[in-house]
Amino acid sequence: MMKKSIVVLVLLFVCQFVIAQEYEFGKVRKGQLKEQYYLEDSSSTAAFLYKGIETYFLNPEDEKSWLVASYFDRIKFYNQQGFKYAHKKIKLFKSKAGNDEFLEFKAKAYSLIDNEIKIEEFNLSDLEIINETRTYIEFMLKIPNLEEGSVLDLQYAVKMPSSFNAREFDLQYEIPIKEFSAVFMPSNFVKQEVMPIGDVKKLSYKPTASNVNFIDPTRGWVDMSLQEKEYWSNVTWFSDASPQFRLSMDNPRNTIQNFQVKGRDFKYINIPALEKVDYVNNLKNFNPSLLLVLGETPSWEEVVKRIYNSPEFLGELEKTDYFKSDIDSIKALEENIKTRMEHIYEFVKSKVACNGKYGVYTSKDLNDVYLEGKGNVADINLMLSAMLRYSGFEANPVLVTTRDNGFPLCPNYNAFNYVITKVNLPTEDVLLDASEKYAAPNVLPLHAKNWLGFSLKEDGSIEKIYLYPEKHAVNNTIMKVKIDEVGNIQGVYRNMRSNQFALDFRNNNKGVGEKEYLRLLASDFGGIEITDYKLLNKVEYNKPVSETFMFKRDSCVGISQDKMFVSPLFFLTSFEKYFKEDSRSFPIDFGTPFISKYHVNIEIPERYRVKILPEPVIEELPDGLGFYKYDISSSKNSIVFSSIISINRSVVAKEYFSRIKSFYRNMFEKQLEQIVLVKKIE
């Protein structure tokens, strides 16, 4: 044990020589604490003054090869809004080849109080386990007692198996990076590929291995100063602790070896913060990064089959005894096949509640989960698949990577973290997620709609599944509004939401009492007074959510001398602009095709007449992507206004961005146009 500790320390020392040149853990200058803003972006609430990554290999005494990744962050906090970036999450993975382990963990928080530096230290015992599955453990370090101007040094090293492994190192975050450095030391006996991913100075780098099956999402949209170099360096290793590199397999132990290795460095300077944009899947999916791939890359078929064939997946999927009597009673009902599927789906949702944890493996024996009534996503949806198969359906679990988990850049065994169920009915295919209380058939929660799903059929073939819906979500609003002589309004509001819009409404308002909800709604609608509120189908997932209420609001219409200025949408008028960026390097992700309809009947005061009405307009997007229709007419003392927005694809390619941007800009400007009323001449 002592020998292993010594060699780890030696390796850490050798592989941190680049960091030590300019940044050293625990060496924080008073000037850094006094710094009041980030020079490159004064709006930043925090910034990485330095972010360093170094990887190297070692061989423990069991002859297995291990990779060590060493990290060093120095973070500056400019104000209280930046304190949230002091909460560090670290995920360690588990695999058949071995589990990730911490070799080192330490942190120091520095604050300047009365011109004196105050230091607070943290170590491995301060890490809190926030999530654990059969494939990973997630830790969090929380740093309390920060001051504006504080600096945090965080350094840790993780040992991980080097038999196939794929790790991604991000190059861009929500806060800027003053300097980024990555050093990847190779091995003579482990194949290694290091690939910059994204549009970093238009860098193009392709893997050399012919069997590497990489997906190619567009990554990154900012230019960064890049320095890349390869070099040879002398390194000394202690062979008695299983040296990192062997000149031959029969080298004697208890000797010291001196030899050269070829390393690869990446340096980036002044990396800006990720820019928040509208309608993006997960910004992390598109930021530039460095991808480290070890060993021979498996195929997606190999990845899927390994997961499927595990005892915690297929072993549990094949069990039926624990639910037979309950499902037999459902099978006995005389109903059509789709209704039976829905009954089983609803039965699982009512029988087992989700504990909020994701994963592709069951957390325990499904018989125990069934009895306890609580389990993770895999527990619930593997149980659903098993029940549907038992009932005669062609049903298969589907492996998914959630939005937070990101796009996998190459096939790897940690790519998936979620499971849903696909049912092949005679007339349609149906995607189900019984872990989501308010989800409906073919209406998945937004977090599960990411990239592709992979399923292994009972005949052993692999199926790739598109997860986004084809059916539109609909938001339909109807209002009847009466304007009085002084610009006050009163009327009736009706709204209906279906599919994704209904699911979002139910999830956003679960646990919110009616009184609090109406307070928030009235505030969102410009301070209207709401009475006679009725809500239908709040929890009935297979029906649209319906809201109805009466409303009043004083001084809602502008008056100037003998004129009234009326916005046809009144308090529903949106003043938020979308797509503010000039260009876009990644798709526009709406999450669902959708239709938003507005129909407003307006009764104007008896003593007024219509002087100006906005012009009707129809605007269409290319290739059937969607359209916008604005229509308005008047007759005597009434005005009828309607508009409809239709977007026909869940995800729109980046090539359409300029057209989508102008489409939304035109809609925004059109809905701001006002009706002008003028007093009648008596």
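To start, this report covers the structure provided alongside it. For clarity, every value in this text was computed on a predicted model and none was experimentally measured.

This paragraph deals with the pattern of salt bridges. Scanning the entire structure with this criterion turns up 25 salt bridges. Residues glutamate 101 and lysine 159 are paired through a salt bridge, measuring 3.9 Å at the closest nitrogen-oxygen approach. Here glutamate 101 is found in strand β4 (residues 101–113), whereas its partner lysine 159 is found in strand β8 (residues 151–161), with 58 residues between them in sequence. Residues joined in a network through salt bridges with shared partners are Lys51, Asp73 and Lys88.

Grouped together as the largest cluster of nonpolar side chains are 56 residues, with contacts concentrated most on Met387, Leu388, Leu399 and Phe416. When residues in this core are grouped by element, the largest group, eight residues, is from helix α9 (residues 377–390). Those residues within four positions of leucine 399 in sequence are excluded, and the remaining contacts are Val304, Ile307, Tyr308, Phe313, Val360, Phe416, Tyr418, Val419, Leu452, Gly453 and Phe454. If you look at the next biggest cluster of nonpolar residues, it comprises 53 residues, including Met479, Tyr493, Phe505 and Val652.

Of the pockets and cavities examined, the second largest pocket occupies roughly 1,800 Å³. As for the second largest pocket, its lining consists of 50 residues, of which Tyr279, Asn475, Tyr578, Ser596 and Tyr598 are closest to the centre. Split into classes, the residues belonging to the lining of the second largest pocket amount to 25 nonpolar, 14 polar and 11 charged.

A separate point is empty space enclosed by the protein. Scanning the model with the defined rule gives two cavities of 30 Å³ or more in all. There is about 50 Å³ of room inside the largest cavity. Around the largest cavity sit Ala109, Ser111, Lys118, Ile119, Glu120, Pro144, Asn145 and Leu146, which together line it. Looking at the lining of the largest cavity, the elements with two or more residues in it are β4 and β5 (116–123).

This part covers the pairing of strand β2 (residues 66–77). Counting buried residues along β2, 12 of its 12 residues qualify, which places the element largely inside the surrounding structure. Side chains of β2 alternate between two faces, with Trp66, Val68, Ser70, Phe72, Arg74 and Lys76 and Leu67, Ala69, Tyr71, Asp73, Ile75 and Phe77 buried alike. As paired strands, strand β1 (residues 46–58) and β2 are joined by 12 bridges and run antiparallel to one another. Paired with phenylalanine 48 across the strands is isoleucine 75, a residue of β2. Two strands pair when backbone bridges link them, and β2 and β8 are joined in this way by 11 bridges, in the antiparallel orientation. Pairing of tyrosine 71 across the sheet is with tyrosine 156, part of β8.

Residue position: lysine 349 is located in helix α7 (residues 337–351). A polar side-chain atom of lysine 349 sits 3.1 Å from the main-chain carbonyl oxygen of lysine 437. Residues within four places of lysine 349 in sequence aside, it is in contact with Ala434, Glu436, Lys437, Tyr438, Ala439 and Tyr541.

So, about the packing of α7 against α9. For the pair α7 and α9, the least separation of the axes is 10 Å and the interaxial angle reads 145°. For the pair α7 and α9, the crossing hand works out as right-handed. Touching Met341, Ile344, Tyr345, Phe347 and Val348 of α7 are Ile380, Leu384, Met387 and Leu388, all from α9.

A sheet is described by the order of its strands in space; here four strands give the open sequence β26-β27-β35-β30, paired in antiparallel fashion. Both edges of this open sheet fall to β26 (558–560) and β30 (608–612), since each of them pairs with a single strand only. With direction set aside, neighbouring strand axes in the sheet form an average angle of 30°. Where β26 and strand β27 (residues 563–566) come together, three bridges link them in antiparallel fashion. In the sheet register, serine 560 faces β27, and the bridge partner there is lysine 563.

Here we have three strands laid out as an open sheet, ordered β3-β7-β6, and antiparallel in their pairing. Across the chains shown, the open sheet's two edge strands, defined by having one partner strand only, are β3 (88–93) and β6 (128–132). This sheet shows a mean twist of 25° between the axes of neighbouring strands, independent of strand direction. Pairing geometry for β3 and strand β7 (residues 136–141), over six bridges, is antiparallel. Bridge assignment links isoleucine 90 to a residue of β7, and that residue is phenylalanine 139.

For serine 643, the position within the fold is in strand β33 (residues 638–647). Among the residues examined, serine 643 registers a relative accessible area of 7% and is labelled buried. Not counting the four nearest positions on each side in its chain, serine 643 is found in contact with Ser596, Lys597, Tyr598, Tyr628 and Lys629.

Take the packing of aromatic side chains next. Enumeration over the complete set of coordinates arrives at 46 aromatic pairs. Between phenylalanine 169 and phenylalanine 184, the aromatic rings sit 5.8 Å apart at their centres with planes inclined by 55°, giving tilted as the arrangement. Of this pair, phenylalanine 169 sits in strand β9 (residues 165–170) while phenylalanine 184 is found in strand β10 (residues 177–184), placing the two residues 15 residues apart along the sequence. With relative accessibility at 5%, the residue phenylalanine 169 sits in the buried group. We classify phenylalanine 184 as buried; its relative accessible area is 1%. Among the aromatic residues, those joined into a ring-pair cluster are Tyr279, Phe501, Tyr578, Phe579, Phe590, Phe594, Phe657, Phe663 and Tyr664. The residue whose ring lies beneath lysine 349 is tyrosine 541, and the NZ or CZ to ring-centre distance is 3.9 Å.

Rules of the game
Residues numbered from 1 in each chain as written. Predicted model: local features only at pLDDT ≥ 70, side-chain atom pairs only at ≥ 80, totals over all residues. Heavy atoms only, no water. Salt bridge = Lys/Arg side-chain N within 4 Å of Asp/Glu carboxyl O. Helix = DSSP H or I, 4+ residues; strand = E, 2+ residues; numbered from the N terminus. Core = buried A, V, L, I, M, F, W, Y, C linked by side-chain atoms within 4.5 Å. Buried < 20%, exposed > 50% of the residue type's maximum accessible area, 1.4 Å probe, protein only. Contact = heavy atoms within 4.5 Å. 1 Å grid on protein atoms, 1.4 Å probe; cavity = no way out; pocket = protein on both sides within 12 Å on 5 of 7 lines; lining within 4 Å. Points joined across faces, edges and corners; volume = space filled by probe spheres on them. Nonpolar A, V, L, I, M, F, W, Y, C, P; charged D, E, K, R; others polar. Pairing = 2+ DSSP bridges. Polar contact = N/O pair within 3.5 Å; in protein donor to acceptor, adjacent residues only side chain to side chain. Axes fitted to C-alpha atoms, helices over the stretch in contact; angles between N-to-C directions. Left-handed = near helix turned anticlockwise from the far one by under 90°. Phe/Tyr/Trp six-rings, centres within 6.5 Å; stacked < 30°, edge-to-face > 60°. Lys NZ or Arg CZ within 6 Å of the ring centre and 35° of its normal.

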